[in-house]
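A structural walkthrough
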Amino acid sequence: MGRRRRRKVTPVKVRRSIPKVFRCPKCDNESLVATETGTGENGEKEFILKCGVCGFTQKVTVNKNQQAVDAYNKLVDIIAGLARSI
Ligand SMILES: [Zn+2]
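Residues numbered from 1 in each chain as written. Predicted model: local features only at pLDDT ≥ 70, side-chain atom pairs only at ≥ 80, totals over all residues. Heavy atoms only, no water.

Here's the deal with the coordination of the zinc ion
The coordination sphere of the zinc ion, as far as protein atoms go, consists of Cys24 (SG), Cys27 (SG), Cys51 (SG) and Cys54 (SG), spread over 2.2 to 2.3 Å. Around the zinc ion sit 4 donor atoms, and with donor-metal-donor angles ranging over 105 to 117° the site reads as tetrahedral. Mapped onto the sequence, the residues coordinating the zinc ion show the spacing C-x2-C-x23-C-x2-C. One end of the pair, Cys27, is in the loop between β1 (20-22) and β2 (32-39); the other, Cys54, is in the loop between β3 (45-51) and β4 (57-62), with 27 residues separating them in the sequence. The class for Cys27 is partly exposed, based on a relative accessible area of 25%. For Cys54, a relative accessible area of 39% puts it in the partly exposed group. (Donors = N, O, S within 2.8 Å, 3.2 Å for Na, K, Ca; no water. Tetrahedral: all angles 85-135°; square planar, octahedral: opposite > 155°, others 65-115°. Helix = DSSP H or I, 4+ residues; strand = E, 2+ residues; numbered from the N terminus. Buried < 20%, exposed > 50% of the residue type's maximum accessible area, 1.4 Å probe, protein only.)

Dropping the structure here:
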């Protein structure tokens, strides 16, 4: 008879450490991967931004409410700042 089998619904967990890919400020390839590496003492998030093409690597710390894209924006600011100071 119409016996309905209830499938166990497995909750889909959102992985927080999914790498995001951005444009590398050094070589202009879309190969810069931001990986969350942990949380700092003040609850800040640490990201490692690494380019798979030119090998450029930069650690960026953002506040706890910010995301990978904010880390990337901060990186762009850092690069721009460096360019200005040279
Ligand atoms: Zn690069």
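A closer look at the environment of Lys50
Topologically, Lys50 is positioned in strand β3. A relative accessible area of 45% means that Lys50 is categorised as partly exposed. In this structure the C-alpha to C-alpha distance between Lys50 and Ser31, which are 19 residues apart in sequence, comes to 8.0 Å. For Lys50, the contacting residues outside a window of four places in its chain are Ser31, Leu32, Val33, Phe56 and Thr57. (Contact = heavy atoms within 4.5 Å.)

Some points on the environment of Val33
In this fold, Val33 is placed in strand β2. Note: C-alpha distance between Val33 and Phe22 (11 residues apart in sequence) is 6.3 Å.

Some points on the sheet that holds β3
Whenever strands of a sheet pair, they do so through backbone hydrogen bonds, lying parallel or antiparallel. Read across the sheet, 4 strands follow the order β1-β2-β3-β4 without closing on themselves; strand pairing throughout is antiparallel. This sheet does not close on itself; its edge strands, each paired only once, are β1 and β4. Averaged over all adjacent pairs, the angle separating strand axes in this sheet is 30°, with direction ignored. (Pairing = 2+ DSSP bridges. Axes fitted to C-alpha atoms, helices over the stretch in contact; angles between N-to-C directions.)

Quick look at helix α1 (residues 68-85)
Each α-helix turn comprises 3.6 residues. Residues three or four places apart therefore point the same way. Spanning 18 residues, α1 covers 26 Å between terminal C-alpha atoms, matching the ideal 26 Å at 1.5 Å per step. Every buried residue belonging to α1 is among Ala68, Ala71, Tyr72, Leu75 and Ile79, and all of these are buried. Along the long axis of α1, the arc covered by the buried residues comes to 100°, so they all point the same way. Turned more than 90 degrees away from the buried face of α1 sit Asp77, Arg84 and Ser85, all of them exposed. Where α1 is buried, its residues contact β1, β2, β3 and β4. (Expected span 1.5 Å × (residues − 1). Arc of directions from axis to C-beta.)

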